[in-house]
Amino acid sequence: MRTGNLFVISGPSGAGKGTLVARLVEEVPDAWVSVSATTRRPRPGEVEGVSYYFLPKEEFLALADEGGFLEWATYSDNCYGTPLSSVQREMAAGKQVILEIEVQGALQVKEKMPEAHLVFIEPPSLEELERRLRGRGTETDDVVKKRMDTALVELSHKMEYDIRLVNDDLDEAVAELVAYVNDTAEQK
Ligand SMILES: Nc1nc2c(ncn2[C@@H]2O[C@H](COP(=O)(O)OP(=O)(O)O)[C@@H](O)[C@H]2O)c(=O)[nH]1
Ligand SMILES: Nc1ncnc2c1ncn2[C@@H]1O[C@H](COP(=O)(O)OP(=O)(O)O)[C@@H](O)[C@H]1O
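Residues numbered from 1 in each chain as written. Chains lettered and ligands numbered in written order. Predicted model: local features only at pLDDT ≥ 70, side-chain atom pairs only at ≥ 80, totals over all residues.

Our working rule: UniProt positions are given in the numbering used here, feature names are shortened, and annotations may be inferred rather than shown by experiment.
Naming follows an unreviewed UniProt entry, where the chain appears as Guanylate kinase of Adlercreutzia mucosicola. Per UniProt, the chain has the following entry under Function (unreviewed entry): "Essential for recycling GMP and indirectly, cGMP." According to the UniProt record, the Sequence similarities (unreviewed entry) comment for the chain is "Belongs to the guanylate kinase family."

In structure tokens form, the structure reads like this:
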């Protein structure tokens, strides 16, 4: 059995993190994707406990106070956090644990667990990023604008990650991500 590793996948909203992680899970049988808690409202089609654990803000902050999160951060007026106990459980079981989280949280993980592997997903350009965000059709105009501003801040942190991966051709980006996870798991 391969030993458990922790992978953190970040990048601007719309860069394609969710799409890449979904493909990664199909191709790496021992990958396990953490389900985060959030105070954001569910989007149509999102399922409690699968997409996120949707929590009222008071409950989220109480969990944070109890040390229930490996990391947590505020993003676009909502809180997002990684439940600590399930990450510990899956790593102990030898899984390749995948966190799809924003930059502030990724840097907290790097502090707490320097052995984590940080992957930054870049869009081919800011124009393409905006096109993808609008094309997904899940955000209002105001939210898209806010996320484009946040994207610039996030991109300024990309050199703090272990690797950067440009998601231009999807199949190529998937192949690079799968190779990185498998190579890391086999090196140990
Ligand atoms: N720090 C942190 N960020 C998270 C967590 N879960 C999701 N995020 C990030 O929060 C941001 C917003 O997520 P979401 O509202 O689902 O929008 P989307 O990624 O654009 O579909 C994204 O950058 C996610 O990667 C978490 O547990 N912790
Ligand atoms: N390589 C790619 N080329 C073109 N469109 C893509 C690519 N990767 C993802 N997308 C599309 O861009 C949009 C944003 O992708 P998503 O995975 O939701 O991003 P994120 O999770 O980073 O917010 C989606 O509509 C997705 O289908």
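1. Quick look at the environment of Leu55
Our working definition: Strands are runs of DSSP state E lasting at least 2 residues, helices are runs of H or I lasting at least 4, and numbering of each runs from the N terminus. Three classes are used. A residue is buried when 20 or more other C-beta atoms lie within 10 Å of its own, exposed when 12 or fewer do, and partly exposed in between, with C-beta atoms placed from the backbone. This entry defines residue contacts through backbone-placed C-beta atoms, with two residues in contact when those atoms are within 7 Å.
Inspection of the secondary structure assignment puts Leu55 in the loop between strand S4 (53–54) and helix H2 (57–65). Residue classification places Leu55 among the partly exposed positions, given that 18 C-beta atoms sit within 10 Å. Every residue in contact with Leu55, bar those within four places of it in the chain, is listed here: Ala37, Thr39 and Phe60.

2. Brief notes about the site of ligand 1
Defined as follows: In this text, near has one meaning. A residue is near a molecule or strand if its C-beta atom, placed using the backbone, is within 6 Å of it. Residues are grouped as follows: Ala, Val, Leu, Ile, Met, Phe, Trp, Tyr, Cys and Pro are nonpolar; Asp, Glu, Lys and Arg are charged; all remaining types, including Gly, are polar.
If you check the shell around ligand 1, you find 17 residues, and the closest are Ser13, Ser36, Tyr80, Ile101 and Gly105. Elements represented by at least two residues in the shell around ligand 1 include exactly helix H1 (17–27), strand S5 (69–75), strand S6 (78–83) and helix H4 (103–112). Among the elements that make up the shell around ligand 1, the one with the highest residue count is S5 (four residues). Here the shell around ligand 1 is built from residues that sort into five nonpolar, seven polar and five charged.

3. Considerations on the sheet that holds strand S3 (residues 37–38)
Our working definition: For two strands to count as paired, DSSP must find a minimum of two bridges between them. Orientation is described by axes fitted as lines to C-alpha atoms, over the contacting stretch for helices, and by angles from 0 to 180 degrees between their N-to-C directions.
If you trace the four strands from one edge of the open sheet to the other, you get S4-S3-S6-S5, paired in mixed fashion. Looking at which strands have only one partner, the edges of the open sheet turn out to be S4 and S5. Judged from the two bridges that link them, S3 and S4 form a sheet pairing that is parallel. Looking at the pairing, Thr38 lines up with Phe54 of S4. Running over the sheet, helix H3 (residues 84–92) touches S5 and S6 and is turned about 35° from S6. Those strands touched by H4 are S5 and S6, and its axis lies near 155° from that of S5.

4. Let's talk about the site of ligand 2
Around ligand 2 there are 14 residues in total, and Gly16, Lys17, Gly18, Thr19 and Arg132 lie nearest to it. For the shell around ligand 2, the residue count by class is three nonpolar, eight polar and three charged.

5. Some words on the UniProt feature "binding site: ATP" (unreviewed entry) in the chain
Mapped onto this numbering, the UniProt entry annotates "binding site: ATP" (unreviewed entry) at Gly11, Pro12, Ser13, Gly14, Ala15, Gly16, Lys17 and Gly18. Classification of Ser13 by C-beta neighbours within 10 Å gives buried; the count is 24. Among all residues touching Ser13, those that are not within four sequence positions of it are Leu133, Arg147 and Ala151. Summarising the element assignment, Gly14 is placed in the loop between strand S1 (5–10) and H1. Owing to 24 C-beta atoms within 10 Å, Gly14 belongs among the buried residues under this scheme.

6. Description of the pairing of S5
Side-chain positions along a regular strand alternate between the two faces of the sheet. For S5, a buried count of five out of seven residues is recorded, marking the element as mostly surrounded by other parts of the structure. As judged from the six bridges shared by S5 and S6, these two strands associate in the antiparallel manner. Looking at S6, one finds that Thr74 is bridged to Cys79. A loop of two residues connects S5 with S6, the two strands running antiparallel in sequence, and Ser76 in this loop sits at a positive phi of about 45°.

7. Structural notes on the confidence of the model for the chain
Under the convention used in this document: The quantity known as pLDDT measures the predictor's confidence residue by residue, on a range of 0 to 100.
Overall, the prediction assigns the chain a mean pLDDT of 95, with 99% of residues at 70 or greater. Complex prediction metrics read pTM 0.95 and ipTM 0.95.

8. Section: the sheet that holds strand S2 (residues 31–33)
The five strands lie next to each other as S2-S7-S1-S8-S9, forming an open sheet whose pairing is parallel. Two strands close off the open sheet at either side, each with one partner strand: S2 and strand S9 (163–166). For this sheet, the mean inter-axis angle between neighbouring strands, taken without regard to orientation, is 25°. The pairing of S2 with strand S7 (residues 96–100) spans three bridges and is classified as parallel. Note on S7: the bridge partner recorded for Val33 is Ile98. Most of the contacts of H4 go to S1, to which it runs at about 155°, and overall it touches S1, S7 and strand S8 (117–122).

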